[in-house]
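# Structural features, examined
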Amino acid sequence: MKSGKSAWIVAALCLIALGWIWSVSRAHAQYNARISFQQQADSVAAKLRERLLVYEGILHGARGLYAASKSVERSEWRAYIDSLSIQERYPGVRAFSFIAAVPRSELDVFLEKTRADGAFDFQIRSSGNLPDLMVVKYDEVFVDVLPPLGYDIASEPVRRSAAERARDTAEMTAMDKLALVTDRTEAPGFLLLYPVYKNDHAVVTLEQRRQAIQGWVMAVFRMEDFVRGVLADSAEQVDMDIFDGQSSECDRLLYGGWSCARNAAGGRLGTGMTSSISMEAGGRTWTLVFRPRQTFYAQVQDRSSVLVLIIGGVISLLLVGIVWSLGTTQIRATTLAEAMTHELRQAHLQLTQAAKLESTGRLAAGVAHEVKNPLAIMLMGLEYLAGQLEAHPDAEIGSVLKEMKQAVMRADSIVRGLLNFASQRELELQAEELNPVVENSLILVKHELDRAHVQVVKNLDPSLPKLLIDRLKLEQVFVNVFTNAAHAMPNGGLLTVTTARQIAQVTAQGSAKSARVVVVVDDTGSGIPKKLLAKIYDPFFTTKPTGQGTGLGLTVTQKIIELHSGTIEIQNRPEGGVRVILSFTENISDSKETEYGS
Amino acid sequence: MAVESRKKRILIIDDELSFLRMLKLNLERTGRFEVYGEINGTRALEMVRSFRPDLILLDVVMPEIGGEEVAKQLKADKQLCLIPIVFLTATVTRDEVQPPPVHLGEYVFLAKPAALAEVLACIDKHLPPE
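My aim in this report is to walk through the structure given alongside it, one point at a time.

Thresholds applied
- Residues numbered from 1 in each chain as written.
- Chains lettered and ligands numbered in written order.
- Predicted model: local features only at pLDDT ≥ 70, side-chain atom pairs only at ≥ 80, totals over all residues.
- Heavy atoms only, no water.
- Buried < 20%, exposed > 50% of the residue type's maximum accessible area, 1.4 Å probe, protein only.
- Helix = DSSP H or I, 4+ residues; strand = E, 2+ residues; numbered from the N terminus.
- Pairing = 2+ DSSP bridges.
- Right-handed = clockwise from strand over helix to strand, strands pointing away.
- Patch = residues over 30% accessible without salt bridge, like charges linked within 9 Å, V, L, I, M, F, W, Y side chains within 5 Å.
- Areas by Shrake-Rupley, 256 points an atom, 1.4 Å probe, with all protein chains shown as cover.
- Salt bridge = Lys/Arg side-chain N within 4 Å of Asp/Glu carboxyl O.
- Disulfide = S-S within 2.5 Å.
- Contact = heavy atoms within 4.5 Å.
- Buried area = accessible area lost by both parts, 1.4 Å probe.
- Polar contact = N/O pair within 3.5 Å; in protein donor to acceptor, adjacent residues only side chain to side chain.
- Nonpolar A, V, L, I, M, F, W, Y, C, P; charged D, E, K, R; others polar.
- Axes fitted to C-alpha atoms, helices over the stretch in contact; angles between N-to-C directions.
- Parallel < 35°, antiparallel > 145°, perpendicular 65-115°, else oblique.
- Left-handed = near helix turned anticlockwise from the far one by under 90°.
- Phe/Tyr/Trp six-rings, centres within 6.5 Å; stacked < 30°, edge-to-face > 60°.
- Lys NZ or Arg CZ within 6 Å of the ring centre and 35° of its normal.

## What to know about the pairing of strand E1 (residues 8-13) of chain B
Residue and element names in this part refer to chain B. Counting buried residues along E1, five of its six residues qualify, which places the element largely inside the surrounding structure. With six bridges joining them, E1 and strand E2 (residues 33-38) adopt parallel strand pairing. Looking at the pairing, Leu 11 lines up with Tyr 36 of E2. With helix H2 (residues 17-29) bridging E1 and the parallel E2, this β-α-β connection has right-handed handedness. Examined bridge by bridge, E1 and strand E3 (residues 55-58) share four bridges and lie parallel to one another. By the bridge assignment, Ile 13 is partnered in E3 with Leu 58.

Below you can see the structure in the form of structure tokens.
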């Protein structure tokens, strides 16, 4: 259990560590993804700025055209535009115009000159009565968009305001969001104005610029076309919205629309990474809002966190396995050590017991000889007296003599038991079946069992292997055990004899299994008091009434079993009575003839 | 002499004087035996030569000279070697000589303490025929 607990603790620690490493790895991956995304967004914004500068270059060029000439004729304007190859090189440019600043007082002169320049049907399209007109003088329209030739953009406050801002600042000026109304899609667009001042006029102050204004070059862009080229490589990676102004209000949307769609859906389209970048476009602020596309996520997906999970998981499993293995090894080692300690203790006890028995045996042999001679004298004396009594019969004396003779014979029985224990004989080992030995022993004690009304139940395994045994000695063992059982059940009972083959699962040697044959003898007697259990093998120890036991039976039994390399175990059964377990090693080749006795 | 000649001579050699006396009394009471006892093994051979027993009851463990040595000396004497010898000894147990008496090697053994009936049966069995 200890090993299992340690393994669970290690598993829990590994899970915690794995979770922490995974979260750090994931945060790192998210950080890298955000950096990559921001780089993508910055890159797109930079390209957009570059493109805007390039497109502004067209306007600078047109302004240069005016700076280089005293006047720019219609044919020159067209030649310049043609040379730009606008449709091929500047996609998104829908119109390119020159807007002339025309004081109302000079309107007629302007009309006359313009018509003389080849625009015979040139008409001013103006509303209102402002002092200055801003008339589209040259107009190269690539796609049908406003404003048309002759249109006075000053008629519209928005365009007029943009034109005036460009004039006053001398800067490139973008006009407010423009719906290209003539475009069927009403796609958003924007308009750039760049002021053109009269040559040889100072334009340092505001007043000088207003005085020197000659007109404006103007380009109209369709936003989608303008951006397409910029996004070319990044279109698969990011979505981009462009808003006119510093906020991302959808009515100011110039390009895209994913953020508006998300807002309309109440944020249900995802709230992942976004990036907002502001850029200056012709004096206005554009707000670029980016979000990564699925392809971006697929590209930047950091598999390191998954790898960390897999590798960490494998390492964790290994760690848990190692701890579990170490734990179970320790348990096995402990079990083995305990088993070996137990065996060592048993061996020590057996050695002690053997030494005790050896000395007892030697003593017994000596005592037996010295006791038997007096017994012989007494017996002969009693026999003589009994013979003498035949001449003068006396029942009482005869009874006394008889009891004395019985006492002598009992003493002789004890002495014989001692000598039997102490006698030196070799075991006569032969490969024999155990069951017939048990059966024969039961026959030998049948008289004792019948007298005590003891019933016998036999559960003898017919498949037992042969064992190397001394048949007569083992009969003596079984007779002792069965006789003890009979004496333990003076008023009747049940004697159950079981033989079986057992496979020992754990041996002191560690792994090898060993097979044993066991004989289990159960009786239903009163059992042995616990405090006396340790003494039952001691010589002369008996719980039987005087005259019924010599106290040597179990001592001799134990010795015979030991000489067979077997074991005897006597225990009280929980249900009452005694259980005797005799166990013999099955391996015949390991058995050896052993000196019996001292 | 005629009566004595009908009685069989039994020589008991045993260092236990009391046992020797008790056995002698018992055997003599039967009226069938003339019994002589000797407690000293060293005098056993001399006694056999003089007494000429029909059967010898011989103890094994005795001081100075054991029963086994006595038996060897008797067997070595051509005139005495045919006298049957029964070892009556405490060195064997009743279990070892059951059913009594038994031959252990070339000798007969009876275990002490032996009942008179056993001793008589053994003597009768091993006495040489008339």
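Read on for the rest.
## Describing a nonpolar patch on the surface
A cluster of nonpolar residues, Val306(A), Leu307(A), Leu309(A), Ile310(A), Ile311(A), Val314(A), Ile315(A), Leu318(A), Leu319(A), Ile322(A) and Leu326(A), forms a patch on the protein surface that exposes about 990 Å² of accessible area. Within the fold, Val306(A) resides in helix H10 (residues 304-391).

## Topic: the state of the cysteines
Residues and elements named next belong to chain A. For the coordinates displayed, the defined rule picks out one disulfide over all chains. Paired through a disulfide, Cys 250 and Cys 260 show a sulfur-sulfur distance of 2.1 Å. Of note, the bridge from Cys 250 to Cys 260 carries an S-S torsion of about -115° and is left-handed in sense. Residue Cys 250 is found in the loop between strand E7 (238-244) and strand E8 (253-255), and its partner Cys 260 is found in helix H8 (residues 258-264); the two are separated by ten residues along the sequence. Using a relative accessible area of 14% as the deciding quantity, one classes Cys 260 as buried.

## With respect to the interface of chain A and chain B
The interface is formed by 18 residues belonging to chain A together with 22 residues belonging to chain B. For the pairing of chain A and chain B, the buried interface totals around 1900 Å² over both sides, and the portion due to carbon and sulfur atoms is 66%. At the junction of chain A and chain B, the tally comes to zero salt bridges. Viewed at the interface, chain B and chain A are joined by six residue pairs in polar contact (both at pLDDT 80 or more). For the side of chain A that touches chain B, the secondary-structure elements that each account for two or more residues are H10 and helix H11 (395-422) of chain A. Taken together, the residues of the side of chain A that touches chain B break down into eight nonpolar, six polar and four charged.

## Things to note about unusual backbone geometry
Geometrically, the link from Lys112(B) to Pro113(B) is a cis peptide bond, its omega value of -10° lying close to zero. Note that Pro113(B) resides in the loop between strand E6 (107-111) and helix H5 (116-126). Its identity as a non-glycine residue notwithstanding, His453(A) has a phi of 55°, on the positive side. Examined against the element boundaries, His453(A) turns out to sit in the loop between helix H13 (446-451) and strand E13 (454-460). Positioned with a positive phi, Arg52(B) is a non-glycine residue whose angle comes to about 50°. Position of Arg52(B) among the secondary structure elements: in the loop between helix H3 (44-51) and E3. For Arg52(B), a relative accessible area of 39% translates into the label partly exposed.

## Brief notes about the packing of H2(B) against H5(B)
All names here are of chain B. In the contact formed by H2 and H5, the axes pass within 11 Å of each other and the chain directions differ by 65°. In terms of orientation, H2 lies roughly perpendicular with respect to H5. For the element pair H2 and H5, the recorded crossing hand is right-handed. Together, Leu 23, Asn 26, Leu 27 and Arg 29 of H2 and Leu 116, Val 119, Leu 120 and Ile 123 of H5 make up the contact between the two elements.

## Some words on the pattern of salt bridges
Two side chains that carry opposite charge are able to pair once their charged atoms sit near each other. Counted by the stated rule, this structure contains 24 salt bridges over all chains. As a salt-bridge pair, Asp522(A) and Arg573(A) come within 3.9 Å of each other at their nearest N and O atoms. Within this pair, whereas Asp522(A) is found in strand E16 (residues 514-522), its partner Arg573(A) is found in the loop between strand E17 (567-572) and strand E18 (578-585), the two being separated by 51 residues in sequence. Residue Asp522(A) is classed as buried on the basis of its relative accessible area of 7%. Given a relative accessible area of 16%, Arg573(A) falls into the buried group. Asp124(B) is the partner of Arg32(B) in a salt bridge, and the nearest nitrogen-oxygen pair spans 2.3 Å. Of this pair, Arg32(B) sits in the loop between H2 and E2 while Asp124(B) sits in helix H5, and the two are 92 residues apart along the sequence.

## As for the sheet that holds strand E9 (residues 275-281) of chain A
All names here are of chain A. Strand order in the open sheet formed by four strands is E8-E7-E10-E9, and the pairing between neighbours is antiparallel. Taken across any chain shown, the strands that pair with only one partner, and hence form the sheet edges, are E8 and E9. Between one strand axis and the next, the sheet turns by 30° as a mean value, whatever way the strands run. Examined bridge by bridge, E9 and strand E10 (residues 284-292) share seven bridges and lie antiparallel to one another. The partner of Met 279 across the bridge, within E10, is Trp 286.

## Observations concerning the side chain of Asn40(B)
Along the chain, Asn40(B) falls in the loop between E2 and H3. Here Asn40(B) falls in the buried class, since its relative accessible area comes to 17%.

## A word on the packing of aromatic side chains
For the structure on display, the rule yields twelve aromatic pairs over all chains. Seen from their ring centres, Phe37(A) and Phe296(A) are 5.9 Å apart, and the 65° between their planes marks the pair as edge-to-face. Taken together, the residues span a long stretch of sequence, with Phe37(A) in helix H1 (residues 2-68) and Phe296(A) in helix H9 (residues 294-300) at a distance of 259 residues. Between the aromatic rings of Phe478(A) and Phe482(A), the centroid separation amounts to 6.0 Å while the plane-to-plane angle is 15°, which identifies the pairing as stacked. Note that Phe478(A) and Phe482(A) are positioned in helix H14 (residues 471-488) at a spacing of four residues, about one turn of the helix. Side by side, Phe478(A) and Phe482(A) carry an identical accessibility label, which is buried. Put simply, the rings of Tyr66(A), Trp77(A), Tyr80(A), Phe96(A), Phe98(A) and Tyr138(A) pair up and form one aromatic cluster. Residue placement shows Arg63(A) over the ring face of Tyr194(A); its charged tip is 4.5 Å from the ring centre. A cation sits over an aromatic face here: Lys112(B) above Phe19(B), 4.5 Å from the ring centre.

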